[in-house]
Amino acid sequence: PEIKKSFIGSGVRYDMLLHRTGDKDVDAATDRYAEELISRHVSGRLKVAPEHTNEQVLKLMRKPSFKQFHDFKRIFDRICGKHDLKQQIIPYFISSHPGSTLESMAELAAETRQLNFHLEQVQDFTPTPMTMATEMYYTGINPETGEKVFVARNMKEKEAQRRFFFWYKPEERKQIAQLLRQMKRPDLAKKLGI
């Protein structure tokens, strides 16, 4: 009775809100939960962790398709509109994860620009003990398939990937334009307005 409001401070698993069981009652309860969460328990900014936009990188991360993020964003926007709320999604992304290339990061930048995001919740991949990602980082091999995986290891490669998070900053645009010319991707330069 003393609590007037409670808000989610950490991130949420948006993919779980999208899961359909085929059971009408369970699916309706999930929809009600999503509406309750978004309309009453977001203090203005809801953190979520899509982590990347590239399907191959997401598969290596064992994360759902970025298409699910788009689906969640449509639900979020619809519920916010219905309740006249001025809230935003704060997505979290990782650069230099095993499998992530300069090109996949450039595509991430173009996709997040299209969504009108100026990223702030970002991180460079950090190996942590006893994870598949760390095994891929050190070996350059996907242990499940035996296939080679690109790994950005040196500081120059890592900084180049990270730079794409900040396509909107004037001090980064010149170097991003140069990287896109080297990759022969004028299409991405156009999408980024460079």
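For the structure, see preceding data.
Residues numbered from 1 in each chain as written. Predicted model: local features only at pLDDT ≥ 70, side-chain atom pairs only at ≥ 80, totals over all residues. Heavy atoms only, no water.

Explanation requested: helix 4 (residues 66–82) in the structure shown.
Side chains three or four residues apart in an α-helix point the same way, a direct result of the helix having 3.6 residues per turn. For helix 4, spanning 17 residues, the distance from its first C-alpha to its last is 25 Å, which sits close to the expected 24 Å at 1.5 Å a residue. Of all the positions in helix 4, only Phe66, Phe69, Phe72, Lys73, Phe76, Ile79 and Cys80 are classed as buried. The arc enclosing the buried residues of helix 4, seen along the axis, measures out at 135°, which places them on a common side. Facing away from the buried surface of helix 4 by more than 90 degrees, the exposed residues are Lys67, Arg74, Gly81 and Lys82. Turning to helix 4, the residues buried within the fold contact helix 1 (14–18), helix 2 (24–40), strand 1 (45–51), helix 3 (55–61), strand 2 (88–95) and helix 5 (102–114). You can read the cap of helix 4 off the contacts: a side-chain oxygen lies 3.1 Å from the backbone nitrogen of Lys67, and it is on Ser65. Just past helix 4, the residue Asp84 takes up positive phi, approximately 55°. (Helix = DSSP H or I, 4+ residues; strand = E, 2+ residues; numbered from the N terminus. Expected span 1.5 Å × (residues − 1). Buried < 20%, exposed > 50% of the residue type's maximum accessible area, 1.4 Å probe, protein only. Arc of directions from axis to C-beta. Contact = heavy atoms within 4.5 Å. Polar contact = N/O pair within 3.5 Å; in protein donor to acceptor, adjacent residues only side chain to side chain.)

In this structure, what is going on with the sheet that holds strand 2? I would like to understand it.
One key point about sheets: their strands pair by backbone hydrogen bonds, in either a parallel or an antiparallel sense. Taken in spatial order, the three strands line up as 1-2-3 in an open sheet, and their pairing is parallel. What marks the edges here is a single partner per strand, and that holds for strand 1 and strand 3 (121–124). Averaged over all adjacent pairs, the angle separating strand axes in this sheet is 20°, with direction ignored. Packing against the sheet, helix 4 makes contact with strand 1 and strand 2, and its axis sits at approximately 165° to strand 2. (Pairing = 2+ DSSP bridges. Axes fitted to C-alpha atoms, helices over the stretch in contact; angles between N-to-C directions.)

Just to check I follow, could you spell out the pairing of strand 3 for this structure?
On a regular strand, one side chain projects to one face of the sheet and the next to the other, so that they alternate. Note: strand 2 against strand 3, four bridges, orientation parallel. Residue pairing in the sheet places Phe93 in a bridge with Val122 of strand 3. In this fold, strand 2 hands off to helix 5, which returns the chain to strand 3; that crossover is right-handed. (Right-handed = clockwise from strand over helix to strand, strands pointing away.)

Would you mind showing me how to read unusual backbone geometry here?
You will see that Arg62, though not glycine, has its phi angle at about 60°, which is positive. Assignment of secondary structure puts Arg62 in the loop between helix 3 and helix 4. Positive phi values are uncommon outside glycine, yet Lys184 reaches one of about 55°. With respect to the element layout, Lys184 can be found in the loop between helix 8 (170–182) and helix 9 (186–191).

Explanation requested: the environment of Tyr137 in the structure shown.
With respect to the element layout, Tyr137 can be found in helix 6 (residues 132–139). Accessibility expressed as a relative area gives 12% for Tyr137, which makes it buried. Separated by 131 residues in sequence, Tyr137 and Ser6 have C-alpha atoms that sit 39 Å apart.

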